[in-house]
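Here is how the chains run, residue by residue.
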Amino acid sequence: MASPLLAYLHYVFDLRVDAWRRKYAQGEVIVVRYADDNVLGFQYRADADRFLEAFRERLRKFGLELHPDKTRRIEFGRFAEQDRKRREEAKPETFDFLGFTHISGKDRNGSFALKRKTIGKRMRARLLEIKQQLRRRMHDPVAQTGAWLRSVVQGYFNYHAVPGNIDSLSVFRYRVIRLWRSILIFRGQRHNLNWAKMQKLANRWIPKPHVLHPYPRVRFDAIHPR
């Protein structure tokens with residue numbers, strides 16, 4: 001059964017965007033929506049401004065309004081950096097969406113590349129949850145805790161292991177290992193659990209990160225072959 005909110009958003013947002021794009025847009029318009037969180041990309045700034053004003057007017061008819069702190073119009077994409085550099089402006093802004101900070105960056109060849117990094121506060125919140133759980137599991141057998149951590153870390157990687165984000169995942173893994181070591185030392189007063197011994201334990205139970213998802217362009221082409 002569909003959520004009433006999602007059904008409402010389909011009527012208020014999805015259908016409106018599709019109609020506006022076909023009738024008024026001068027350039028390309030890209031829409032990505034997940035539940036009530038969405039990002040829109042416009043080829044031309046004028047289209048973005050016109051749509052934003054039209055959508056605000058549509059929401060007012062339903063007694064709704066855009067959240068002022070969560071609604072931004074930013075310059076982002078393939079030509080953003082060079083255009084802003086020509087105007088002697090700062091680098092393109094970033095934006096957060098679905099757990100990632102999206103960055104207008106470059107690949108090894110100097111061409112535009114969408115960079116995604118785990119949102120810092122999201123990682124910190126997950127590490128805090130793991131820390132609290134480790135305290136509750138303090139007296140569990142090491143193998144049992146190791147198996148639990150392996151499942152937790154792998155689940156985190158399954159979502160966040162996108163191209164360009166491996167450094168963030170390595171930091172996450174390192175901090176998980178440190179948390180586990182602190183608990184083991186506290187539980188058994190094992191001050192001789194040095195980092196070399198802990199690494200052997202971690203290598204047995206804690207997965208190492210590697211890319212699990214393709215680049216967005218590859219995924220899109222696979223779903224929508226041209």
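Residues numbered from 1 in each chain as written. Predicted model: local features only at pLDDT ≥ 70, side-chain atom pairs only at ≥ 80, totals over all residues. Heavy atoms only, no water.

Caption draft 1: Local environment of the packing of helix H5 (residues 142–160) against helix H7 (residues 195–205). Interaxial distance between H5 and H7 falls to 9 Å at its minimum, and their mutual angle equals 55°. With respect to H7, the axis of H5 lies oblique. Note that H5 runs across H7; the crossing there is right-handed. Mapping the contact onto sequence places Val142, Ala143, Gly146, Ala147 and Arg150 in H5 and Leu201, Arg204 and Trp205 in H7. When its residues are assigned to classes, the contact of H5 with H7 shows five nonpolar, one polar and two charged. (Axes fitted to C-alpha atoms, helices over the stretch in contact; angles between N-to-C directions. Helix = DSSP H or I, 4+ residues; strand = E, 2+ residues; numbered from the N terminus. Parallel < 35°, antiparallel > 145°, perpendicular 65-115°, else oblique. Left-handed = near helix turned anticlockwise from the far one by under 90°. Contact = heavy atoms within 4.5 Å. Nonpolar A, V, L, I, M, F, W, Y, C, P; charged D, E, K, R; others polar.)

Caption draft 2: Spatial organisation of empty space enclosed by the protein. Scanning all chains against the criterion turns up one cavity of 30 Å³ or more. Sorting the residues of the lining of the largest cavity by element identifies H5 and helix H6 (166–188) as the ones contributing at least two each. Among the elements that take part in the lining of the largest cavity, H6 stands out by supplying four residues, more than any other. A class-by-class count of the residues in the lining of the largest cavity yields six nonpolar, one polar and three charged. (1 Å grid on protein atoms, 1.4 Å probe; cavity = no way out; pocket = protein on both sides within 12 Å on 5 of 7 lines; lining within 4 Å. Points joined across faces, edges and corners; volume = space filled by probe spheres on them.)

Caption draft 3: Summary view of the confidence of the model for the protein chain. The predicted model of the protein chain averages 87 in pLDDT, with 90% of residues at 70 or higher. No element of the protein chain has a lower mean pLDDT than helix H8 (residues 216–223), which averages 51, and none a higher one than H5, which averages 97. A low-confidence stretch, residues 220–226 stays under pLDDT 50, and its non-local contacts, those more than four residues away or across chains, total two contacts. (pLDDT = per-residue confidence, 0-100.)

Caption draft 4: Structural view of the environment of Asn203. Here Asn203 is to be found in helix H7. By relative accessible area, Asn203 is classed as partly exposed at 47%. Expressed as a C-alpha distance, the spacing of Asn203 and Gly77, which sit 126 residues apart in the sequence, is 39 Å. (Buried < 20%, exposed > 50% of the residue type's maximum accessible area, 1.4 Å probe, protein only.)

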